[in-house]
Amino acid sequence: MAWFKRSKENIETSGVKKDIPGGLWSKCDKCGEIIHHKQLVSNYYTCIKCNYHFRIGSDEYIPILIDKGTFRETDAKMKSGDPLKFVDSKKYTDRVNGAIKKTGLNDAVRTGFGKVDGISIVFACMDFKFIGGSMGTVVGEKIARAAERALKNKRPLIIISSSGGARMMEGALSLMQLAKTSARLAQLDEAGIPYISILTDPTTGGVTASYAMLGDVNIAEPGALIGFAGPRVIKQTIGKDLPEGFQRSEFLLEHGFIDVIVHRKEMKQTVATLLKHMTD
Amino acid sequence: MAKTVLDFEKPVFDLEQKIQEMRKYEGNVDISGEINRLEKKVHQLRESVYSNLTRWQRVQLARHPERPYTLDYIERIMDDFVELHGDRKYGDDKAIVGGFAILDGKSVMVIGQQKGRDTKSNVYRNFGMMNPEGYRKALRMMKLAEKFKRPIITMLDTPGAFPGIEAEERGQAEAIARNLFEMSKLKVPVVVVIIGEGASGGALGIGVGDRILMMENAWYSVISPESCSSILWRSWDYKEQAAEALRLTAPDLVEQKIVDRIIKEPLGGAHRNPQEAAMILKDVLIEELKLLSKLKPEKLVERRINKFVQMNG
Ligand SMILES: [Zn+2]
């Protein structure tokens, strides 16, 4: 659950900046290259120099993957309750409302129907910028419903993950979302309906330990952090430095947990090709 | 008598010790009246201490070093236990035990996380923290149970899945996800009991079932109070507040409609009388399995999936 500490350091500074005064420029987190927004968009939000994949959300990913004009959003208005009346340094409800205000989103995932290269699918895309992409009851419910819709409509399911893990402010109910989403995917599997999981930076904790790892095919973007325990926790536990490239997409491919690493600009083509192999 | 005394139990233990001392002289002087009076007093004290536990105090009881673990229960409530080992892929994870056993004359598959009692056995058991091969070992045993149409009992008691380099290399996340996926469609009854610590995905990895039972002083949540404190309060010192905020006790979990039933413990916790705790658990397990045995496999799976799908808070 590294998302919280991470948020202060990264969310504010990384990703796509749209409103920098004096021009729409973004700086690559990896090589420092300054890229104009137009160029960044046409390059699928990846660095023109080093291929670094900027963290993007549903607003950016929907046009990349889904045929123009075919996305029809579902459960767009679903918002989190506060089942535990959770308070730490801040009230959970304030945290959620703050995130809604800041991001314009209602929670950390958006779901809907759409087409990929003419093939009808059910789609879910997570937004890391909403409380670290953490999974509480809303994310769990929306993913489970997406899987149910895929089952009922006999359409392939595609989920793009980016998450720091389960949302601790909803306690054990957040944990139960791992079981809920996995159970729905088991039904999808029994019915022979394809599920493609796309893992982006970062995908850790409860999301990795449930739907993100359960694709018929698991695709990762290059260089994405993917794992169960966060690197900080592991480092703390074993008291040793972690090896270079540990828990990155390439590491997971090497260890057999990812089928293929795909550059964002080839993502749609790869998904479409796979879907043609997996559907009649 | 228990050796480890938690802070809040101290008044009870002091009085118990005083009574014990007095009993030594009982033969010489007639102090039975005084002893009786103190017995009554200690009883009242126990009632008042243990019926008003804070959430953090329950967490401490759940971690009590003398608390019964999986093997202690198996030994007390089952016969003919044949322990099975290994995941057939990589190795044998000692943080989880399991095998066939007889409960009330019937064959069952029992699987549970296992902690150690002292430093040496804790190292051997990795403090009850499983690696990926542990989840795969558990799944292999569950599939065996399914093949031979035997009900499954799982016992949850872990501070979490092991966060290590090798665990990640061998796919900790995939191993847990796969178990959640496979357990949701097992065609035999699955009864889950949280007997001690139910920490996050590491516990849930063997925790999908038809009935979720929880011992009175166990805890179950998405994160431990300490880790929650360190992340949300940015300090390890707010574990009491974190435990309160997480609402992680058995009554809390019943209220959240995650846990179906609380299993009563002897006053003061299961470690005060492991035999009695085991007998209570045994009766509950027999009763629960009897009810589940009436359901057809398809119905069982449908009900189980619906149960988890409905967990919305
Ligand atoms: Zn770059």
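Quick caveat: nothing in here was measured; it's all calculated off a predicted structure. (Residues numbered from 1 in each chain as written. Chains lettered and ligands numbered in written order. Predicted model: local features only at pLDDT ≥ 70, side-chain atom pairs only at ≥ 80, totals over all residues. Heavy atoms only, no water.)

## Let's talk about the pattern of salt bridges
Where charged atoms from two side chains of opposite charge come close, those side chains can pair.
Residue and element names in this part refer to chain B.
For step 1, the next point in the chain: In the structure shown here, the tally under the stated rule is 48 salt bridges over all chains.
For step 2, the next point in the chain: The residue Glu287 makes a salt bridge to Arg261 at a minimum N-O spacing of 3.3 Å. Taken together, the positions of Glu287 in helix 13 (residues 274-292) and Arg261 in strand 8 (residues 261-263) put the pair 26 residues apart, joining distant regions of the chain.
For step 3, the next point in the chain: Residue Glu287 is classed as partly exposed on the basis of its relative accessible area, which comes to 41%. (Salt bridge = Lys/Arg side-chain N within 4 Å of Asp/Glu carboxyl O. Helix = DSSP H or I, 4+ residues; strand = E, 2+ residues; numbered from the N terminus. Buried < 20%, exposed > 50% of the residue type's maximum accessible area, 1.4 Å probe, protein only.)

## Considering the coordination of the zinc ion
For step 1, the next point in the chain: For the zinc ion, every protein donor is listed as Cys28 of chain A (SG), Cys31 of chain A (SG), Cys47 of chain A (SG) and Cys50 of chain A (SG), and the spread of their distances is 2.2 to 2.4 Å.
For step 2, the next point in the chain: Around the zinc ion, the four donor atoms are arranged such that angles at the metal cover 105 to 112 degrees; this shape is classified as tetrahedral. (Donors = N, O, S within 2.8 Å, 3.2 Å for Na, K, Ca; no water. Tetrahedral: all angles 85-135°; square planar, octahedral: opposite > 155°, others 65-115°.)

## With respect to the packing of aromatic side chains
For step 1, the next point in the chain: In this structure the tally under the stated criterion is four aromatic pairs over all chains.
For step 2, the next point in the chain: A ring pair is formed by Tyr52 of chain A and Phe54 of chain A, whose centres lie 5.5 Å apart and whose planes are at 65 degrees; its orientation type is edge-to-face. Both residues of the pair, Tyr52 of chain A and Phe54 of chain A, count as buried.
For step 3, the next point in the chain: If you follow Arg55 of chain A out to its NZ or CZ, it ends over the ring of Phe128 of chain A, 4.7 Å from the centre.
For step 4, the next point in the chain: Taking the ring centre of Tyr69 of chain B as reference, the NZ or CZ of Arg117 of chain B above it sits at 3.9 Å. (Phe/Tyr/Trp six-rings, centres within 6.5 Å; stacked < 30°, edge-to-face > 60°. Lys NZ or Arg CZ within 6 Å of the ring centre and 35° of its normal.)

## Brief notes about the domain arrangement of chain B
Residues and elements named next belong to chain B.
For step 1, the next point in the chain: Each domain of chain B was delimited in the assignment, giving domain 1 (7-52) and domain 2 (57-309).
For step 2, the next point in the chain: The C-alpha-based centres of domain 1 and domain 2 are spaced at 35 Å.
For step 3, the next point in the chain: At the junction of the two partners, domain 1 supplies nine residues and domain 2 supplies eight residues.
For step 4, the next point in the chain: Summing both sides of the interface, domain 1 and domain 2 together bury roughly 730 Å²; the carbon and sulfur share of this comes to 58%.
For step 5, the next point in the chain: A per-residue breakdown of the area domain 1 buries against domain 2 is headed by Phe8, Glu9 and Tyr50, which together make up 63% of the total.
For step 6, the next point in the chain: Note that Arg272 is salt-bridged to Glu16, the shortest N-O span being 2.4 Å.
For step 7, the next point in the chain: Put simply, domain 1 and domain 2 have two residue pairs in polar contact (both at pLDDT 80 or more) between them.
For step 8, the next point in the chain: For the side of domain 1 that touches domain 2, the elements supplying multiple residues, two or more each, are helix 1 (10-24) and helix 2 (32-50). (Domains from an automatic or database assignment. Contact = heavy atoms within 4.5 Å. Buried area = accessible area lost by both parts, 1.4 Å probe. Polar contact = N/O pair within 3.5 Å; in protein donor to acceptor, adjacent residues only side chain to side chain.)

## Description of the interface of chain A and chain B
Often, the extent of an interface is quoted as the loss of accessible area on bringing the components together.
For step 1, the next point in the chain: In this assembly, 54 residues from chain A lie in contact with 47 residues from chain B.
For step 2, the next point in the chain: A buried area of about 4400 Å², summed over both sides, lies between chain A and chain B, and 74% of it is on carbon and sulfur atoms.
For step 3, the next point in the chain: The largest contributions to the chain A side of the interface with chain B come from Leu175, Met176 and Phe228 of chain A, which together make up 14% of the buried area.
For step 4, the next point in the chain: In this structure, the connection of chain A to chain B is made through two salt bridges.

## Some points on unusual backbone geometry
For step 1, the next point in the chain: The residue after Asp201 of chain A, namely Pro202 of chain A, is reached through a cis peptide bond having omega -15 degrees.
For step 2, the next point in the chain: The topology assignment puts Pro202 of chain A in strand 7 (residues 195-204).
For step 3, the next point in the chain: Despite not being glycine, Asn126 of chain B shows a phi value in the positive range, around 50 degrees.
For step 4, the next point in the chain: Note on placement: Asn126 of chain B falls in the loop between helix 5 (119-124) and helix 6 (132-147).
For step 5, the next point in the chain: With a phi angle near 60 degrees, Lys257 of chain B is a residue other than glycine that sits in the positive phi range.
For step 6, the next point in the chain: Relative to the elements of secondary structure, Lys257 of chain B occurs in the loop between helix 12 (250-255) and strand 8.

## Some remarks on the domain arrangement of chain A
All names here are of chain A.
For step 1, the next point in the chain: The assigned domain composition of chain A is domain 1 (23-54) and domain 2 (56-278).
For step 2, the next point in the chain: Each of domain 1 and domain 2 has a C-alpha centre, and these two points are 24 Å apart.
For step 3, the next point in the chain: Summing the contributions of domain 1 and of domain 2, the shared interface buries around 770 Å²; its carbon and sulfur component is 61%.
For step 4, the next point in the chain: Together, Tyr44, Tyr45 and His53 form the three largest contributors to the area buried by domain 1 at its contact with domain 2, with a combined 73%.
For step 5, the next point in the chain: At the boundary of domain 1 with domain 2, the tally comes to zero salt bridges.
For step 6, the next point in the chain: Where domain 1 meets domain 2, there are six residue pairs in polar contact (both at pLDDT 80 or more).
For step 7, the next point in the chain: Here the residues of the side of domain 1 that touches domain 2 are counted per class, giving three nonpolar, three polar and no charged. (Nonpolar A, V, L, I, M, F, W, Y, C, P; charged D, E, K, R; others polar.)

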